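The lines below spell out each chain.
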Amino acid sequence: MAEQLANHNDPDDREERSDDGWQDLAVANPTFVLERLGAECGDLQFLRELTVNGLDAIAAQHHPASGRVVWDLDWQRFDASGGRVRKLSVTDTGTGMTAEQLRYYINQLAASGREQSHTANFGVGAKVAAGSRNPHGLEYRSWHQGHGALVRFKRHPDGRWGLEPQPWSGGHHDYWRPLDEQDKPWLLRGQDHGTQVVLLGHHERDDTTRAPQIVSDARQHWITRYLNSRFRQFPDGIEVLVREHHGRGKPGQLTRVEGERAHVERRAVCGGIVEISDAITCWWVLDDDHRARRREASAWTSSGHIVTVHGDELYDLVGQTRGGYGRLQDFGVRFGYERVVIHLQPQVQPQRLQTNTARTTLLFDHEPLPWARWGDEFAAAMPEEIRRLQEHAASTDGTPRQDAIRSRVASILPLYRLSRYRPTQPPRPSPATADRDAPPTKTRRAKPTAPTTPPTKDADSIFTGDTASPNPADGAPPADVSDSQGDADPIVDLPDVAWISARDGTRAAGDLEDQAARYHPARHELTVNADFRAINDLTTHWQRRYTGIPGAHAVIEAHVREWCEQVLIEVVLAARSSTWSQDQLDALLSPTAFTAALLPRHLLHAMLQKRLAQKLGAPRTGTSR
């Protein structure tokens, strides 16, 4: 440490003191700071930073009536290399910068030509987000009042960051070199102001028009997709254009990026505003043309999501597969969430709402956003349109009951084959306890047991396509279906199920009165009484626990029916695979037997509790009664 301090004692290394003698803070290792901050940025953050720089430069003009920010190829390098060198560039028609301004703003870690504060520009964005991912260089070409200048911010081979010396025609070098009219990109031809930034990547042949590896979806439209998911809208009079499809063929056409709001409003069937304690939520319900919206997914986030809004930018967008739908469910949107979009704009004093340095996260009083509280408040004031959407989605949600039951039954199919019944033999008396007065008995030598022929498969068996015996030998475990059929899925012959109720006129008075179900062997049909007390009691119990949750009524009724139906079907499957007598089967498949099967509560309650929590979340009201 003493040696390090001695190295900084040279007066020539000291920063100049201000007039009052104050020694200003300096950065001893700017390379470490830049790369450390760059590690906090996402791999696409540079798109935001350079776009915002262009928007700010256009807005800084005396008459900023119109302007353009264009993401495109660096056509000069492309043409000069015969199409072999492809570098991404962004050009704006803003005020531009002089050579001295380029030196100061580009080569100072926290310098900005705009207002710099905790709620405005930080002065580190493009240098950190873009520079750290382009060690071969960020090339700035800027024109101000007709004079052009070029600087290249890059990483020296020894690790230092700074401006690379540029050769002049006279043979000397400086941190910049002049540009003329021929050096202008197509967007700036005929104008005396504007800036182009070229991203040079890691080496001279690095193709920076390609999407980074982190981009897994919509790779051909990665810039458009990011900008639409990052910006709600762009200022009036300013166009943001993108040229993509930079494959080995002909580059694509320029397309306009409008921001997410334009796409949402084109696809919305209704929308509105809900005010909560310290935020305003703008909401939309998207149309139900899922196929058409999926085709647009390469351009914008075309399914349900929730984001925060700060200025005209969007923050905290979470992908559907990483919990985005879960956040919507926390806001009470448990069904139909793939069609609901929410933009949440905090309404607090500016100093209470800030972003982190990398501008990837919003902070509320230096803490994470209060998502749980906002979710509870929005759910309590849920718009009627979203409530109706959920009721409709819940009524059609989920796999059909028969398919779900068939899948579960097929996974344990051998368990329904009961072993052959053998009467239990009384124990033989031992010689010590045998009656001594009884006449002796002859001892017979045991004969080898002849192999038995498996019984013929019953035509009404519940198993089809299965060569194993439905009644294995006494004590033998049932054959594994997967062993006899290879990889083929077992086919389960489920009975047809019909639910009847006096409430809709499908059950006549007195039919199955206060009984669960009946079975018709000839038709292989199970008729279930939806009015049976045990079924209704379960439904009522869970509806009370989920009072006020949109769509809960339909979901609870569907799940109660599914699991009661599962129990009754299993009784049929197990009975039909047995060797009981006809009288015994009639008793096992009688309405009384089905009624008894639905009386146990604990297992049904536990399964419903688990499944409903997955669909509806934890109950919000009361405890079980």
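Since the model is a prediction, treat every value here as computed from it, not as a measurement.

Before going further, it helps to spend a moment on the overall build of the protein. When helices and strands are tallied, the protein shows 19 helices and 23 strands. Among the 625 residues that make up the protein, the fraction classed as buried is 44%.

What follows covers the nonpolar core. By size, the foremost hydrophobic cluster in this structure holds 46 residues, and its most contacted members are Phe-46, Leu-47, Leu-50, Trp-71, Tyr-140, Trp-222 and Leu-227. Once you skip the residues sitting within four places of it in the chain, Leu-50 turns out to touch Trp-71, Val-90, Ala-126, Ala-130, Tyr-140, Val-197 and Leu-199. Of all hydrophobic cores here, the second largest spans 43 residues; its members include Ile-549, Ile-556, Leu-573 and Phe-594.

What follows covers empty space enclosed by the protein. Under the definition given, this model contains one cavity of 30 Å³ or more. The space that makes up the largest cavity amounts to roughly 30 Å³. Taken together, Gln-351, Arg-352, Gln-354, Leu-363, Asp-365 and His-366 form the lining of the largest cavity. The residue makeup of the lining of the largest cavity, split by class, is one nonpolar, three polar and two charged.

Further remarks concern the packing of helix α15 (residues 533-545) against helix α16 (residues 552-576). What describes two packed helices is the angle between their axes and the distance between those same axes. Contact geometry of α15 with α16 gives a least axis separation of 9 Å together with a crossing angle of 145°. Seen from above, α15 lies across α16 with right-handed handedness. Of the residues in α16, those touching α15 at Ile-535, Leu-538, Thr-539, Trp-542 and Gln-543 are His-553, Ile-556, Glu-557, Val-560 and Cys-564. Classifying every residue of the contact of α15 with α16 by side-chain character gives six nonpolar, three polar and one charged.

Turning our eyes to something else, we now look at the sheet that holds strand β22 (residues 517-520). Strand pairing in a sheet relies on backbone hydrogen bonds. The paired strands run either parallel or antiparallel. Pairing is mixed across the open sheet formed by three strands, whose spatial order is β21-β23-β22. Sheet topology places β21 (496-500) and β22 at the edges, where each strand pairs with a single neighbour. Each strand axis lies, on average, 20° off the axis of its neighbour in the sheet, ignoring direction. Looking at chain direction, β22 and strand β23 (residues 525-529) are connected through four bridges and run antiparallel. Following the sheet pairing, His-520 is matched in β23 by Glu-525.

Ordered in space as β12-β13-β16-β14-β15, the five strands form an open sheet in which the pairing is mixed. Among the strands making up the open sheet, the edge pair consists of β12 (268-276) and β15 (313-315). Taken pair by pair, the neighbouring strands of this sheet meet at an average axis angle of 25°, ignoring direction. By the bridge criterion, seven bridges tie strand β13 (residues 279-286) to strand β16 (residues 340-346) in an arrangement that is antiparallel. When the bridges of β16 are listed, Trp-284 appears paired with Val-341. Packing against the sheet, helix α8 (residues 260-267) makes contact with β12, β13, β14 (305-310), β15 and β16, and its axis sits at approximately 50° to β13. With respect to the sheet, helix α12 (residues 384-395) is in contact with β12, β13 and β16, its orientation differing from that of β13 by roughly 45°.

Turning our eyes to something else, we now look at the environment of Ser-577. By secondary structure assignment, the location of Ser-577 is in the loop between α16 and α17 (582-588). Accessibility expressed as a relative area gives 4% for Ser-577, which makes it buried. Through-space distance from the C-alpha of Ser-577 to that of Arg-417 is 5.8 Å; in sequence the pair is 160 residues apart. Of note is the side chain of Ser-577, whose polar atom sits 3.3 Å from the backbone oxygen of Leu-573.

What follows concerns the pairing of strand β1 (residues 67-73). With six of its seven residues buried, β1 lies for the most part within the structure. By the bridge criterion, five bridges tie β1 to strand β10 (residues 238-243) in an arrangement that is parallel. Note that in β10 the partner of Val-69 across the bridge is Val-240. Where β1 meets strand β2 (residues 88-92), five bridges bridge the pair, whose relative direction is antiparallel. Note on β2: the bridge partner recorded for Leu-73 is Leu-88.

Here we come to the confidence of the model for the protein. When the pLDDT values of the protein are averaged, the result is 82; 81% of them are 70 or greater. Here residues 1-15 scores under 50 on pLDDT; set against residues more than four positions off or in separate chains, the count is four contacts. Taken as a whole, residues 113-123 scores under 50 in pLDDT and shows 30 contacts with residues more than four places along the chain or in a different chain.

Once that is clear, we can look at the packing of aromatic side chains. Evaluation of the coordinates by the stated rule reveals twelve aromatic pairs. With a centroid separation of 5.2 Å and 75° between ring planes, the pair formed by Tyr-104 and Tyr-105 is classed as edge-to-face. Under the relative-accessibility criterion, Tyr-104 is labelled partly exposed at 40%. Take Tyr-105: its relative accessible area is 22%, and that puts it in the partly exposed class. Put simply, the rings of Phe-331, Phe-364, Trp-371, Trp-374 and Phe-378 pair up and form one aromatic cluster. The side chain of Arg-327 reaches across the aromatic face of Trp-371, ending 4.0 Å from its centre. The cationic tip of Arg-408 hangs over the ring face of Trp-563; the distance from NZ or CZ to the ring centre is 3.9 Å.

Before going further, it helps to spend a moment on the environment of Trp-542. On the secondary structure map, Trp-542 appears in helix α15. Taking the relative accessible area as the measure of exposure, Trp-542 reaches 1% and is therefore buried. Spatially, the C-alpha atoms of Trp-542 and Gln-609 are 8.5 Å apart, while their sequence positions differ by 67 residues. Apart from the residues within four sequence positions on either side, Trp-542 is in contact with Ile-556, His-605, Leu-608, Gln-609 and Leu-612.

What follows concerns the pattern of salt bridges. Side-chain pairing between opposite charges can occur once the charged atoms of the two side chains come close. Taken as a whole and assessed by the stated rule, the structure comprises 34 salt bridges. Here Asp-74 ties to Arg-141 by a salt bridge, and the two come within 3.3 Å at their closest N and O atoms. Linking Asp-74 in the loop between β1 and α4 (75-80) with Arg-141 in strand β3 (residues 138-144), this pair joins segments that are 67 residues apart in sequence. As far as the burial class goes, Asp-74 and Arg-141 line up, both buried.

Okay, the side chain of Arg-327 next. Position of Arg-327 relative to the elements: it lies in helix α10 (residues 324-330). No salt bridge is formed by the buried Arg-327, whose closest oppositely charged neighbour, Asp-316, lies at an N-O distance of 5.3 Å. If sequence neighbours within four positions are ignored, Arg-327 has contacts with Ile-306, Asp-316, Val-318 and Trp-371.

The next subject is the environment of Lys-127. Structurally, Lys-127 can be placed in helix α6 (residues 125-129). A relative accessible area of 7% places Lys-127 in the buried class. On a C-alpha basis, the gap between Lys-127 and Lys-154 in space is 9.7 Å, while along the polypeptide they are 27 residues apart. Polar contacts involving the side chain of Lys-127 include one to the main-chain carbonyl oxygen of Tyr-105, which spans 3.0 Å.

Basis of the calculations
Each residue is numbered by its place in its chain's sequence as written, counting from 1. Reporting of local features is limited, given that this is a predicted model, to residues whose pLDDT is at least 70; pairs of side-chain atoms are given and counted only at 80 or more, and all residues count toward the totals for whole chains, interfaces and linings. To obtain the side-chain values, all non-hydrogen atoms of the structure were used and water was disregarded. Going along the chain from the N terminus, every DSSP run of H or I of four or more residues is numbered as a helix, and every run of E of two or more is numbered as a strand. Remark: exposure states derive from per-residue accessible area (1.4 Å probe, protein chains only) relative to the maximum for the residue type, with buried under 20%, exposed over 50%, and partly exposed in between. Side-chain atoms within 4.5 Å are what join buried Ala, Val, Leu, Ile, Met, Phe, Trp, Tyr and Cys residues into a set we call a nonpolar core. Pairs of residues are marked as contacts when any of their non-hydrogen atoms sit within 4.5 Å. Method remark: on a 1 Å grid restricted to protein atoms, a set of points is classed as a cavity if a 1.4 Å probe fits but cannot get out and as a pocket if it is open with protein on both sides within 12 Å along at least five of seven lines; lining residues have an atom within 4 Å of a point. Grid points are joined across faces, edges and corners, and a volume is the space filled by probe spheres set on the points. The nonpolar class holds Ala, Val, Leu, Ile, Met, Phe, Trp, Tyr, Cys and Pro. Asp, Glu, Lys and Arg form the charged class, and all remaining residues, Gly among them, are polar. For every element, the axis is a line fit to its C-alpha atoms; helices are fit only across the contacting stretch, and the angle between N-to-C directions ranges from 0 to 180 degrees. For any pair of crossing helices, the crossing counts as left-handed if the nearer helix is rotated counterclockwise from the farther one by less than a right angle, and right-handed if it is rotated clockwise. Two strands pair under a simple rule: DSSP has to find at least two bridges between them. Each polar contact in these results corresponds to two N or O atoms within 3.5 Å; when the atoms are within protein, one needs to be able to donate a hydrogen and the other to accept it, and residues that are neighboring in sequence are counted only if both atoms are side-chain atoms. Across the chain, each position has a pLDDT score giving the predictor's confidence in that residue, from 0 to 100. Only centres within 6.5 Å qualify two rings of Phe, Tyr or Trp (six-membered ring in Trp) as a pair; their planes then separate them into stacked at under 30 degrees, edge-to-face at over 60, and tilted for everything else. Two limits define a charge over a ring: the Lys NZ or Arg CZ must be within 6 Å of the ring centre, and within 35 degrees of the ring normal. Each salt bridge in this description consists of a side-chain nitrogen of Lys or Arg and a carboxyl oxygen of Asp or Glu lying within 4 Å of one another. Charged residues are defined here as Lys and Arg on the positive side and Asp and Glu on the negative side; His and the ends of the chain fall outside this count.

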